[in-house]
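If you want the building blocks of each chain, they are given just below.
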Amino acid sequence: MKTFISAYEAKAIPLYRESAIASWNANITGTAEDYSKSEKASFEYARIFTDSVAFKELKTIKESQAMKDPVLIRQLELLYNSYLGGQVDTALLAQQIRMETEISKKYANFRVTLNGKQISDNEVENILKTSTNSSDLKTAWEGSKLIGPVVAPDVIKLVKHRNLIARKTGFSNYHEMSLKLSGQDPQEVTKLFDELDNLTRDNFAKLKGDIDTFFAKRYKIKTSDIRPWHYQNRYFQESPEIYPVNLDKYYANQDPVKLASVFYNGIGLNVDAILAKSDLYEKPGKNQHAFCTDIDRSGDVRTLDNIRPDSYWMNTILHELGHGVYSYYNDMTLPFTLRDAAHTFTTEAIAEFFGRLAKDPQWMLGMGVIDKKESDLISDDCHKSLRLQMLVFSRWAQVMYRFEKSMYENPDQNLNELWWNIVEKYQLLTKPEARDMPDWATKIHVALYPCYYHNYLMGELLASQLYYYLTTNVAKGQTLVGDKAVGTYLKEKIFMPGARYYWNDMIEKATGEKLTAKYYAKQFVE
Ligand SMILES: [Zn+2]
């Protein structure tokens, strides 16, 4: 195993780095040349895991059950899954990456056209958030959905192609393969989603009623005339602002990057090196979303954002830097394979844990964004607003999880109908009359970050679990601001162990309990 690892690291480390840098560059410039470099580099990296001789070697070691060293055993587990995922015809794999790159370009270059003028996603969101004119809202929302027909046929081809790969690897479809290879049992995840559905359904229905009453007044229409464009964003994935607290105004004259940097440094998690390498503001051709990337698992960590001074981007930069510190404070004495998060959702948990602070009046007070009087004034509405945000998000995550699962189980079914059936069931939205469009394809995650969305919700559960643990057992006061014990705990219990332990073992070691939904319910369901 040790010999195997040495040979593996000699190949993997440089190719991992090259691929991460090429992808970073492509996301920033959006040029065909950079995308083609990125495609080539990610293919070269992925090709490592297609080595069938190496896979047989791992299989022999695994079946011998001869190893006793837990660090080697853990590396074997992770590498075995990576190589199993790579036992695919190289031509099929190359084709998959080519398809993904083509689709990625279409998303990056798409701009909504409104009154003959091209506008950015930020501007679409701005119209949906601020306009009170139903016909303007409808036009902006429908405009944003026009990417759907542009990419849908390509996405269906890609889904079938991924399924072909999964079947050749011994799985029934790509969704099942993705979860299993990432160390999750699909039945266990579905069970967790069913429990959450039960836990949130009634409360959400009640709050959704409040939302509709609020919007009927705001738009001067009947509640029965409310449609998906009335909810202030393209997918109803975030909660509309129905409480009289407008957090954007507090951030309008703030610098989200500076606030985030002061905060993280204050709890003993230094983000200067991350920010110095990051690309933070809007540019033509640049990816309009946000992400964080660990370039080399040796301290080169970067985040791409499109920051504006508002609460959305305050949340986002706190979120991305959460991923950032998780990577940055990895234990550099661990082998390369274990210098990673315990699971992708555990890094989402840390990101969300920090992202939520953007709406926390205690935090805003501690950071000097508002004063004590203002903090007391908005505290109740802020809690209601966060609760709404969490419930709205949990229902949206249900849509994504169940749609993807069903799509991979049968990509030939009527996906437009499937999407709206699930949206109506879980988000309680009303489908626009006779709408038969591939609205599912407008969500970039369906195409390019497949079978991943459920991790955001599992991340939320863990974020709540960590929040209770930290505020009960670690933090000295009410607020986390300036509390170095918080940074120390996270470094020692979460970041440094990296992928050393199976995710649920890591959570148990850090909090005394395995992952549970009860703290999420405690925090957000009454
Ligand atoms: Zn994230």
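Overview of the structure. Computed from a predicted model, the values in this text were never measured in an experiment.

1. Focus on the overall build of the protein
Point 1. Within the protein, the secondary structure is distributed over 23 helices and four strands.
Point 2. Relative to the compact-globule value of 24 Å for 526 residues, the protein shows a C-alpha radius of gyration of 23 Å, a close match.
Point 3. Structurally, the protein occupies a C-alpha span of about 70 × 55 × 45 Å along its principal axes.
Point 4. Within the protein, counting contacts between residues at least 6 apart in sequence, those at least 24 apart form 77% of the total.
Point 5. Split by element, the accessible area of the protein, about 22000 Å² in all, is 50% carbon and sulfur.
Point 6. Side chains of the protein carry 66 positive and 68 negative charges; the gap between the two charge centres is 1 Å.

2. Here we look at the coordination of the zinc ion
Point 1. Every protein donor of the zinc ion is listed here as His319 (NE2), His323 (NE2), Glu348 (OE) and Glu348 (OE), and their distances to the metal cover 2.1 to 2.8 Å.
Point 2. Note that the zinc ion binds four donor atoms; their angles at the metal cover 50 to 145°, and the shape is irregular.

3. Describing the environment of Gln523
Point 1. Position of Gln523 among the secondary structure elements: in helix α23 (residues 518–524).
Point 2. Residue contacts for Gln523: discarding those within four places in its chain leaves Arg356, His383, Ser464, Tyr467 and Tyr468.
Point 3. In this structure the side chain of Gln523 is engaged in a polar contact, spanning 3.4 Å, whose partner is the side chain of Arg356.

4. A word on helix α7 (residues 134–144)
Point 1. Within α7 the residues assigned to the buried category are Leu137, Ala140, Trp141, Gly143 and Ser144. For α7, the angular spread of the buried residues around the axis is 160°, confining them to a single face.
Point 2. Those residues of α7 that are buried are in contact with β1 (112–114), α6 (121–130), α8 (147–168), α10 (186–219) and α18 (415–427).
Point 3. Where α7 begins, one side-chain oxygen reaches toward the backbone nitrogen of Ser135, 2.8 Å away; that side chain belongs to Asn133.

5. Focus on the side chain of Ser385
Point 1. Note on placement: Ser385 falls in helix α17 (residues 372–409).
Point 2. Those residues in contact with Ser385 that lie beyond four places of it in its chain are Ser239, Tyr243, Val245 and Lys359.

6. Considerations on the pattern of salt bridges
Point 1. A full pass over the atoms with the stated rule returns 32 salt bridges.
Point 2. Residue Glu282 is joined to Arg308 by a salt bridge in which the shortest nitrogen-to-oxygen separation is 2.6 Å. Highlighted residues: Glu282 in the loop between α13 (272–276) and β3 (291–294) and Arg308 in the loop between β4 (301–304) and α14 (311–328), separated in sequence by 26 residues.
Point 3. On the accessibility criterion, Glu282 (34% relative accessible area) is partly exposed.
Point 4. Where salt bridges share partners, they join Asp121, Glu125 and Arg234 into one cluster.

7. Some remarks on the packing of helix α9 (residues 174–181) against α17
Point 1. Interhelical geometry of α9 versus α17 gives an angle of 120° and a closest axis separation of 7 Å. Taken together, the axes of α9 and α17 are oblique relative to one another. Here α9 contributes Tyr174, His175 and Leu179 to the contact with α17, which in turn contributes Tyr401, Glu404, Lys405 and Tyr408.
Point 2. Of the residues in the contact of α9 with α17, the class split is four nonpolar, one polar and two charged.

Rules behind the numbers
- Residues numbered from 1 in each chain as written.
- Predicted model: local features only at pLDDT ≥ 70, side-chain atom pairs only at ≥ 80, totals over all residues.
- Heavy atoms only, no water.
- Helix = DSSP H or I, 4+ residues; strand = E, 2+ residues; numbered from the N terminus.
- Rg over C-alpha atoms; globule rule 2.2 N^0.38 Å.
- Contact = heavy atoms within 4.5 Å.
- Areas by Shrake-Rupley, 256 points an atom, 1.4 Å probe, with all protein chains shown as cover.
- Lys, Arg positive; Asp, Glu negative; His and termini not counted.
- Charge placed at Lys NZ, Arg CZ, Asp CG, Glu CD.
- Donors = N, O, S within 2.8 Å, 3.2 Å for Na, K, Ca; no water.
- Tetrahedral: all angles 85-135°; square planar, octahedral: opposite > 155°, others 65-115°.
- Polar contact = N/O pair within 3.5 Å; in protein donor to acceptor, adjacent residues only side chain to side chain.
- Buried < 20%, exposed > 50% of the residue type's maximum accessible area, 1.4 Å probe, protein only.
- Arc of directions from axis to C-beta.
- Salt bridge = Lys/Arg side-chain N within 4 Å of Asp/Glu carboxyl O.
- Axes fitted to C-alpha atoms, helices over the stretch in contact; angles between N-to-C directions.
- Parallel < 35°, antiparallel > 145°, perpendicular 65-115°, else oblique.
- Nonpolar A, V, L, I, M, F, W, Y, C, P; charged D, E, K, R; others polar.

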